[in-house]
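An overview of the molecular structure
The residues making up each chain are set out below.
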Amino acid sequence: MADTLTITDNRTGKQYEVPVTDGTIKAIDLRQIKVDDDDFGLMTYDPAFTNTASCRSAITYIDGDKGILEYRGYPIEQLAEKSTYLEVAYLLVFGELPTAAQLAEWIDGVTTHTLLHENIKHLMRGFRYDAHPMGVFLSTVGALSTFYPDAKKVHDPAIRLSHIKKLIAKTPTIAAYAYRHSTGRFYVYPDNNLSFAGNFLNMLFKMTEAKYEVNPVLERALDILFILHADHEQNCGTNAMRAIGSSEVDPYSAMAGAAAALYGPLHGGANEAVLTMLRQIGNKANVPDFIKKVKAGEGRLMGFGHRVYKSYDPRAKIIKKTAYEVFDVTGTSPLLDLALELERIALEDEYFVKRKLYPNVDFYSGLIYEALGFAPEMFTVLFAIPRTAGWVAQWDELHRDADQKIARPRQIYTGHRTRDYVAMDKRQ
Ligand code: SDX
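So, here is what we can say about the structure in this document. (Residues numbered from 1 in each chain as written. Predicted model: local features only at pLDDT ≥ 70, side-chain atom pairs only at ≥ 80, totals over all residues. Heavy atoms only, no water.)

**Side note on the overall build of the protein**
In terms of regular secondary structure, the protein is built from 17 helices and five strands. A globule of 428 residues ought to have a C-alpha radius of gyration of about 22 Å, and the protein, at 24 Å, matches this closely. Expressed as a percentage of the 428 residues in the protein, the buried residues total 49%. For the protein, the share of sequence-separated contacts (at least 6 apart) that also reach a separation of at least 24 residues comes to 69%. Working note: accessible area of the protein is about 21600 Å², and carbon and sulfur atoms make up 54% of it. Here the protein contributes 49 positive and 53 negative side-chain charges, whose respective centroids are spaced 4 Å apart. (Helix = DSSP H or I, 4+ residues; strand = E, 2+ residues; numbered from the N terminus. Rg over C-alpha atoms; globule rule 2.2 N^0.38 Å. Buried < 20%, exposed > 50% of the residue type's maximum accessible area, 1.4 Å probe, protein only. Contact = heavy atoms within 4.5 Å. Areas by Shrake-Rupley, 256 points an atom, 1.4 Å probe, with all protein chains shown as cover. Lys, Arg positive; Asp, Glu negative; His and termini not counted. Charge placed at Lys NZ, Arg CZ, Asp CG, Glu CD.)

So this is what it looks like as structure tokens:
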């Protein structure tokens, strides 16, 4: 049997042979299917890209039915247990686990860029005290493009790598400054003798003590959360990174757009929305009524469901386990029992079972973030920090892909066709 599709156009009786490669057909191969010479040719209509591959990528593999997630072939469960976020960032960018020497050089290359230009602090001071940290974060990432004009040289791999390191290094500092701004506290400079997660906690929570004491359990929990959030193939935010990056703009401007997409409550904003939802439910007695409303279409069970995972999100399993380790240090979250009851009922209910709605990465992560001392408004920023590694790795892969060019979808035009201008006195 040939790897082709034979298409019969019943409008004309013509037949077409279209090659099948990697489980796909090229949409452009449909353009030849016409009813007459004036016909533009057949297109596919796929709002939200539910069945469209936009690129070839070797970075992250997901099997939604089996709940499999692998970064460059390494199972997320093994990376969460044995690796660190910076090692995973190296893996995502370069495609292989680093040797000890490569990792040391990589960590040094990232760590030396944790500082922000002093003007960035003045820029952040322009935000209201109650500005949402995610709005501060994405604005500041975009503003960084004005500090690094050479970042426009997107075809130079060495220059791309220099800004990949800067973005990975500076996002925790931006996030910490946004948090300190929202609490009215002074900014804490990075301490490059601490780990990636340790330094982040230092910039967030250090007060007047000479040196911030990092709690190793919380430091490791944060690093595991960073590993779990690092990449997730062609999600909404990464699609934005690639679409904006395809115009050959610098990576800071592209990432501002990716962060903006992540900000949405259906995407990375869901972790904040889960806490809001749990607080609105209040206690276990209200769960049945809340579930009833969701099933009636009055709102969504935030932190549940996924476009790809039609089984339990493997990240949610690890986060749920990590939560208990954090609670041993911080004390349990009053909302944990409520979340567990919500999960128990939802997983037994036909509405959720039929739609294959399971907890996703955002369902339990907020409980940990809150136990670590973060306000819900910071949760999506905590997602954006590690997702930087995925965004820049995907952006770099885009620029290495000869198939790629500026993203410009077609449309089905549903509006008026040609008509004459109507003078004001003739309008209804
Ligand atoms: C992330 O893509 C990624 O990989 C994203 C992410 C990443 O790492 O980058 O994994 C991170 O964004 C996780 C998802 C976080 N979002 C939420 O938790 C918000 C709540 N979930 C949803 O809104 C929804 O499940 C989505 C957006 C995640 C997926 O939506 P889809 O694939 O477009 O599914 P859909 O909206 O078409 O829903 C299918 C059906 C609908 O019911 P019917 O119209 O068939 O009757 O399922 C229902 C939906 O109403 N449904 C839900 C639901 N999610 C889907 N019903 C109640 N609660 C929900 N959470």
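**Comments concerning the sheet that holds strand S5 (residues 74–75)**
A sheet is described by the order of its strands in space; here three strands give the open sequence S3-S4-S5, paired in antiparallel fashion. Among the strands making up the open sheet, the edge pair consists of strand S3 (60–63) and S5. Bridge count for S3 against strand S4 (residues 68–71) is four bridges, and the pairing is antiparallel. By the bridge assignment, threonine 60 is partnered in S4 with tyrosine 71. (Pairing = 2+ DSSP bridges.)

**A word on the packing of helix H4 (residues 118–125) against helix H5 (residues 133–144)**
Between H4 and H5, the shortest axis-to-axis distance is 11 Å and the interhelical angle comes to 140°. Compared by their axis directions, H4 and H5 come out oblique. Judged by the twist between their axes, the crossing of H4 over H5 is right-handed. Between H4, through Ile120, Leu123 and Met124, and H5, the contact on the second element is made entirely by Val136, Thr140, Ala143 and Leu144. Residues belonging to the contact of H4 with H5 are distributed by class as follows: six nonpolar, one polar and no charged. (Axes fitted to C-alpha atoms, helices over the stretch in contact; angles between N-to-C directions. Parallel < 35°, antiparallel > 145°, perpendicular 65-115°, else oblique. Left-handed = near helix turned anticlockwise from the far one by under 90°. Nonpolar A, V, L, I, M, F, W, Y, C, P; charged D, E, K, R; others polar.)

**Here's the deal with the packing of aromatic side chains**
One pass over the full model with this rule turns up 19 aromatic pairs. On the numbers, 4.4 Å between centres and 5° between planes, the contact of tyrosine 177 with tyrosine 187 is stacked. Residue tyrosine 177 is located in helix H6 (residues 157–182), and its partner tyrosine 187 is located in the loop between H6 and helix H7 (196–205); the two are separated by ten residues in the primary sequence. Consider the rings of tyrosine 351 and phenylalanine 352, whose centres lie 5.1 Å apart with planes at 70°: the pair is edge-to-face. Cluster of aromatic residues (ring-pair linked, three or more members): Tyr85, Tyr179, Phe196, Phe200, Phe205, Phe226, Tyr369, Phe374 and Phe379. Sitting over the ring of phenylalanine 186, arginine 180 keeps its end group 4.7 Å from the ring centre. (Phe/Tyr/Trp six-rings, centres within 6.5 Å; stacked < 30°, edge-to-face > 60°. Lys NZ or Arg CZ within 6 Å of the ring centre and 35° of its normal.)

**A closer look at the environment of phenylalanine 147**
Take phenylalanine 147: it is sitting in the loop between H5 and H6. Taking the C-alpha atoms as reference points, phenylalanine 147 and isoleucine 120, separated by 27 residues in sequence, lie 9.6 Å from one another. Ignoring sequence-local partners within four residues, the contact set of phenylalanine 147 consists of His117, Asn119 and Ile120.

**Some details on the environment of leucine 116**
Within the secondary structure, leucine 116 is located in the loop between helix H3 (100–111) and H4. Residue class for leucine 116 comes out buried when judged on its relative accessible area of 6%. Separated by 209 residues in sequence, leucine 116 and glutamate 325 place their C-alpha atoms 33 Å apart.

**A short note on helix H14 (residues 336–348)**
Here H14 spans 19 Å end to end across 13 residues, near enough to the 18 Å set by a 1.5 Å rise per residue. Three or more residues of H14 are buried, namely Leu336, Leu338, Ala339, Glu341, Leu342, Glu343, Ile345 and Ala346. Lining the buried residues of H14 we find helix H11 (270–281), helix H12 (287–295), helix H13 (314–330), helix H15 (350–354) and helix H16 (361–371). (Expected span 1.5 Å × (residues − 1).)

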